[in-house]
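Report on the structure
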Amino acid sequence: MTVVQFTLDQPEIEFTASGGSTVRRTVLPSGVRVLTETVPGAQSASVSFAVAVGSRDEVDGHHGSTHFLEHLLFKGTKSRTALDIAVAFDSVGGASNASTGKEHTSYYARVQDKAIPVAVQVIADMLTSSVIDPIEFENERTVILEELAMNDDDPQDVAHEEFFEAVLGGHPLGRPIGGTPNTIKAVSRDAVWQHYQKNYRPQDLVVTAAGGVDHDALLELVSENLELAGWDLNLTATPRTWRTQGSVSLDVAPTVKVINRPIAQANIVLGSQGLVAGDERRYAMAILNTVLGGGMSSRLFQEIREKRGLAYSVYSFNQGYSDAAAFGLYAGCSPQKAPEVIRLMLAELEKVAEDGITEAELDLAKGNISGGLALKFESTQARMSRLGGAELTDGEFIDLDESLARYSAVNLVDVQALAKLMSDAPKSFVAVGDVKESLFDEFV
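Anyway, here's the lowdown on the structure attached to this text. (Residues numbered from 1 in each chain as written. Predicted model: local features only at pLDDT ≥ 70, side-chain atom pairs only at ≥ 80, totals over all residues. Heavy atoms only, no water.)

Describing the environment of Gly-64
Here is the rule we go by: By the criteria applied, helices consist of DSSP H or I runs no shorter than four residues and strands consist of E runs no shorter than two, each listed in order from the N terminus. The criterion used for residue contact is that any of the two residues' heavy atoms lie within 4.5 Å.
Considering the arrangement of structural elements, one finds Gly-64 in the loop between strand E5 (44-51) and helix H1 (65-72). Sequence-wise, Gly-64 and Ser-48 are 16 residues apart; in three dimensions their C-alpha atoms are separated by 22 Å. Every residue in contact with Gly-64, bar those within four places of it in the chain, is listed here: Glu-58, Gly-178, Gly-179 and Ile-184.

Some words on the sheet that holds strand E12 (residues 325-333)
Quick reminder of the rule: The pairing criterion for strands is at least two bridges between them, as found by DSSP. Between the N-to-C directions of two axes lies an angle of 0 to 180 degrees, each axis being a line fitted to C-alpha atoms and, for a helix, fitted only over the stretch in contact.
Taken in spatial order, the 5 strands make up an open sheet running E9-E14-E10-E12-E11, and their pairing is mixed. At either margin of the open sheet sits one strand with a lone partner, and together these are strand E9 (256-260) and strand E11 (311-320). Strand-to-strand twist in this sheet, taken as the mean axis angle between neighbours without regard to direction, amounts to 10°. Both strand E10 (residues 266-273) and strand E14 (residues 428-433) contribute to a ladder of 5 bridges, which runs antiparallel. The residue of E14 that forms the bridge with Ile-268 is Ala-431. Taken strand by strand, helix H9 (residues 282-293) contacts E11 and E12, and its axis lies near 170° from that of E11. Lying over the sheet, helix H10 (residues 299-306) contacts E11 and E12, oriented at roughly 155° with respect to E11.

Considering the sheet that holds strand E4 (residues 33-38)
Read from one edge to the other, the open sheet built from 7 strands follows the order E2-E3-E4-E8-E5-E7-E6, with strand pairing classed as mixed. On the outer flanks of this sheet lie strand E2 (12-16) and strand E6 (95-100), each paired with one strand and no other. Across this sheet, the average inter-strand angle for adjacent strands is 10°, counted without regard to direction.

Quick notes on empty space enclosed by the protein
This is how it is decided: The way it works is a 1 Å grid over only the protein atoms, where trapped points that fit a 1.4 Å probe form a cavity and open points with protein on both sides within 12 Å along at least five of seven lines form a pocket, and then any residue with an atom within 4 Å of a point lines it. Grid points are joined across faces, edges and corners, and a volume is the space filled by probe spheres set on the points. Just so you know the grouping, Ala, Val, Leu, Ile, Met, Phe, Trp, Tyr, Cys and Pro go in nonpolar, Asp, Glu, Lys and Arg go in charged, and all remaining residues, Gly too, go in polar.
Counted by the stated rule, this structure contains 1 cavity of 30 Å³ or more. What the largest cavity holds in volume is close to 30 Å³. Surrounding the largest cavity, Arg-33, Ala-52, Arg-240, Thr-241, Trp-242, Glu-391 and Leu-392 form its lining. Residue composition of the lining of the largest cavity, by class: 3 nonpolar, 1 polar and 3 charged.

Written as structure tokens, this is what we have:
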């Protein structure tokens, strides 16, 4: 079992993780961090170039810039067109993509191990040398507006976005990752360019790779391609420090929000502030969510879908970030059945809070989680993401065996105490569908 704490002034770290993989981490004088997990026998690799900046970091006049920039880095550099970038990955059978989050942005690819140089060359070029062409900028503005329109046509997505805003209030994490139509229409190329220049520097960059990868060879590739782009890796800079971990106090009054739409289902989310990413109780939260609303054997699924046929989709969740989080229950159901479904969701949470869960449920949840994690980390992309998360989030690497041990240590008292905390918390309610606010009168 392995837990390793990273420090920003430690230039080299090497250790063995569960399953016999070798993890290495190098911090260059310029602040660039390169991490690899070499998996014996792997013939493919996943590579990511990431920065610890997300939608929460945007200031007035720049809202939507992070997601806008994610799109634009694929649109061409000083030496490659958008087609060149696409052809480079297609020619080696690779897959490339990017992800904008609330706290970080990542550009990544999965390729055959011998094609790692191609992935590094192209992603490094994209990240360092985007031209953000004015014509492409306006074209992509239209594309992003279409993406937002597509998301707005998904009532479940809308319900979750509104729920985060309701629970987190004015906290930056309550804003939508992609911005809004108004902010995307308003943001200028200069604002996105400033965002790019400010947050895509050597001390911001974290490169991670997992699979059939050699650390020294990757380090040489990364250095060579960054220097080719004009980055001076001999300059000394301290890497961007990690965000402060721990819950902030959010004085947010519970709210009820209904977005009336003439659709067949009412999409309902209810809940409260949850557990942040670094909370030690997150292992108990995973158990709680598995038992309460994490799968076909969960209480919500059995009670609401299987026994009564009131909903097709019903589940619980906790989405945690560095200093704020949301815990919620979701169901999509007939508007006429919505009050009954809400009563049942609240009742199941209250039952766990009052009576706890059984030993059988605890064992089932632990088996579900351990099996899911074992399958998950068969993927080089999952291992790459774990490395990136460790470096970008809090500087702590936890391997599979240690994670499983922490889940195994959760007991019945831990789960019940957490359920009571969530059950007692003042709740916000959001619904998207053909319903009225009076639907929630009996619950608030």
